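This is what each chain is made of:
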Amino acid sequence: MNLQQLRYVVATAEHRTMTDAARSLYIAQPALSRAIRDLERELGMTLFARSGRGVVVTAQGRRVVKLAREALDAVREIEALSTHGHASEAELRIASIPSLEPGLAGRLLPAYTAEHPGVRIHIVRCDGRDGVVSAIRDQRADLGLTDLPVPTDLVSHPLERQEIVLISPPGVDLPDPVPMRRLNGMRLVLPVPGSSRRREFDALFAKHGVAPVVATQLDERGNWLSTVRSGTASMLWYRGMAEQAARAGLVVRTLDPSVRRVIAIVHARRRLPAIAQEFLSVAESGSAA
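Treat the numbers as computed from the prediction; the structure is a model and nothing was measured.

A. Quick peek at the overall build of the chain. For the chain, the helix and strand inventory stands at 10 helices and 13 strands. Taking all 289 residues of the chain together, the buried fraction comes to 46%. Relative to all contacts within the chain whose residues are 6 or more apart in sequence, the contacts with residues 24 or more apart total 72%. Counting every atom, the chain has about 14000 Å² of accessible surface; 51% of that belongs to carbon and sulfur.

Right, dumping it as structure tokens:
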């Protein structure tokens, strides 16, 4: 079994469908299926049982997947040792949603780079939590910064509870803080129906017995502020966006009762590269607070 085969096994186990695993590996799905069948013949065991359009890891397969992950983690650690010896080559990839980038750039990154000046930071920008999860599953990012909850195949390290605020165009007659009941009938920018983020908003509205008017439904968070700036609607988003909203001439108000969400660093269930472990240590130590 070579490194390429190990990557195939782990990707197939993580994605549970050959199509998604092949896409993450940038190979054709038939080629991946053949490679897995060849490996099963070589090992003399069945690693994946086909189930409908997906695959299920067998008992023997779970053991092989565990060992494959450990082997790949060991290879990454060896590579990390090498990059420590050539600091200019080390790169840490962090996936983040737009509303949390100000905190990432303003607090976490300066604290980390002060201790590790030779590490390049690459921010993988994602429209939302699902994008962060996909970036980590597809190994396009080592760590992710997002709000909770995330799927159970990821590990989360809570950092803080961040407040959700109301961002409105100027001239809107509202008190500060805004009673939750005032959201009833208010025109809001919301995520598209069926998305995890939309379900959370709908649950929040149901909890407080309010029914806002959907002005626009967008999943591209980068367009939300421009929509509010046009004067057509308000939006609910994290306090971390307050400075950017104020620069755009918008008004930020708190909610009553206040609403907060847990912000966390997340990663796959495998041993992290050394530089990612060090970033997590800095973040959890409070030195970035």
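Having seen it, we continue.
B. Main features of helix α1 (residues 3-15). With 13 residues, α1 extends 18 Å between its outermost C-alpha atoms, agreeing within 8% with the 18 Å of an ideal straight helix rising 1.5 Å per residue. Counting buried positions over the 13 residues of α1 gives 10, a clear majority of the element. Those residues of α1 lying buried are Gln5, Leu6, Tyr8, Val9, Val10, Ala11, Thr12, Ala13, Glu14 and His15. Where α1 starts, the residue carrying a side-chain oxygen 3.1 Å from the main-chain nitrogen of Gln4 turns out to be Asn2.

C. Representation of the packing of α1 against helix α2 (residues 18-25) in the model. The interhelical angle for the contact between α1 and α2, taken along N-to-C directions, is 130°, at an axis separation of 8 Å. As far as their axial angle goes, α2 and α1 are oblique. For the crossing formed where α1 meets α2, the hand is right-handed. The residues of α2 that touch α1, namely those facing Arg7, Tyr8, Ala11, Thr12 and His15, are Met18, Asp20, Ala21, Ser24 and Leu25. Class assignment of the residues belonging to the contact of α1 with α2 gives a composition of five nonpolar, three polar and two charged.

D. Empty space enclosed by the protein, seen in detail. Under the definition given, this model contains two cavities of 30 Å³ or more. Its boundaries defined by the atoms lining it, the largest cavity holds a volume of some 100 Å³. What lines the largest cavity is simply Asp147, Ile164, Arg197, Glu200, Phe201, Leu204, Leu236, Trp237, Tyr238 and Arg261. Sorting the residues of the lining of the largest cavity by element identifies α7 (196-208) and β10 (235-238) as the ones contributing at least two each. Looking at the lining of the largest cavity, the element that brings in the most residues is α7, giving four residues. Its residues assigned to classes, the lining of the largest cavity shows six nonpolar, no polar and four charged.

E. Spotlight on the pattern of salt bridges. Taken as a whole, this structure holds 17 salt bridges when the rule is applied. With a shortest N-O distance of 3.2 Å, Glu101 and Arg125 are connected by a salt bridge. A residue pair is termed long-range when its members are at least 10 positions apart, and Glu101 in helix α5 (residues 101-115) and Arg125 in strand β4 (residues 120-125) qualify at 24 residues. By relative accessible area, Glu101 is classed as buried at 17%. Looking at Arg125, the relative accessible area reads 61%, which means it is exposed.

F. Here's a closer look at the packing of α1 against helix α3 (residues 29-43). Axis separation between α1 and α3 bottoms out at 10 Å; the angle between their running directions is 110°. Between α1 and α3, the crossing angle belongs to the class labelled roughly perpendicular. Listed contacts from α3 to Gln5, Tyr8, Val9 and Thr12 of α1 are Leu32, Ala35, Ile36, Leu39 and Glu42. A breakdown of the residues in the contact of α1 with α3 according to their chemical character gives six nonpolar, two polar and one charged.

G. Representation of the UniProt feature "domain: HTH lysR-type" (unreviewed entry) in the chain in the model. UniProt tags residues 1-58 as "domain: HTH lysR-type" (unreviewed entry). The distance from the first to the last C-alpha atom of residues 1-58 is 18 Å, and the span holds 62% helix and 14% strand.

H. Inspection of the nonpolar core at higher detail. The biggest cluster of nonpolar side chains holds 67 residues, and the ones touching the most others in it are Leu92, Leu166, Leu236 and Phe279. Those residues in contact with Leu92, other than ones at most four positions away along the chain, are Tyr112, Val119, Arg120, Ile121, His122, Asp142, Leu143, Ile275, Ala276 and Phe279. The next biggest cluster of nonpolar side chains, apart from the first, holds 17 residues, and it includes Tyr8, Ala11, Leu32 and Val64.

I. Quick look at the pairing of strand β2 (residues 54-57). Bridge count between strand β1 (residues 48-51) and β2: four bridges; the pairing is antiparallel. The residue bridging Ser51 from the neighbouring strand is Gly54, located in β2. Between β1 and β2, which pair antiparallel in sequence order, lie two residues; one of them, Gly52, sits at a positive phi of approximately 65°.

J. Local environment of the packing of aromatic side chains. Across all of its chains, the model carries four aromatic pairs by this definition. Seen from their ring centres, Tyr112 and Phe279 are 5.2 Å apart, and the 65° between their planes marks the pair as edge-to-face. Of the two residues, Tyr112 is situated in helix α5 and Phe279 in helix α10 (residues 274-285); the sequence distance between them amounts to 167 residues. The same class applies to Tyr112 and to Phe279, which are both buried. Taken together, a centroid distance of 5.3 Å and an interplanar angle of 55° make the contact between Trp224 and Trp237 tilted. Of the two residues, Trp224 sits in helix α8 (residues 224-229) while Trp237 sits in strand β10, which places them 13 residues apart along the sequence. By relative accessible area, which is 0% here, Trp224 ends up buried. Assessed through its relative accessible area of 5%, Trp237 is described here as buried.

Scoring rules and cut-offs
Residues numbered from 1 in each chain as written. Predicted model: local features only at pLDDT ≥ 70, side-chain atom pairs only at ≥ 80, totals over all residues. Heavy atoms only, no water. Helix = DSSP H or I, 4+ residues; strand = E, 2+ residues; numbered from the N terminus. Buried < 20%, exposed > 50% of the residue type's maximum accessible area, 1.4 Å probe, protein only. Contact = heavy atoms within 4.5 Å. Areas by Shrake-Rupley, 256 points an atom, 1.4 Å probe, with all protein chains shown as cover. Expected span 1.5 Å × (residues − 1). Polar contact = N/O pair within 3.5 Å; in protein donor to acceptor, adjacent residues only side chain to side chain. Axes fitted to C-alpha atoms, helices over the stretch in contact; angles between N-to-C directions. Parallel < 35°, antiparallel > 145°, perpendicular 65-115°, else oblique. Left-handed = near helix turned anticlockwise from the far one by under 90°. Nonpolar A, V, L, I, M, F, W, Y, C, P; charged D, E, K, R; others polar. 1 Å grid on protein atoms, 1.4 Å probe; cavity = no way out; pocket = protein on both sides within 12 Å on 5 of 7 lines; lining within 4 Å. Points joined across faces, edges and corners; volume = space filled by probe spheres on them. Salt bridge = Lys/Arg side-chain N within 4 Å of Asp/Glu carboxyl O. UniProt positions renumbered as here; feature names shortened; annotations may be inferred. Core = buried A, V, L, I, M, F, W, Y, C linked by side-chain atoms within 4.5 Å. Pairing = 2+ DSSP bridges. Phe/Tyr/Trp six-rings, centres within 6.5 Å; stacked < 30°, edge-to-face > 60°.

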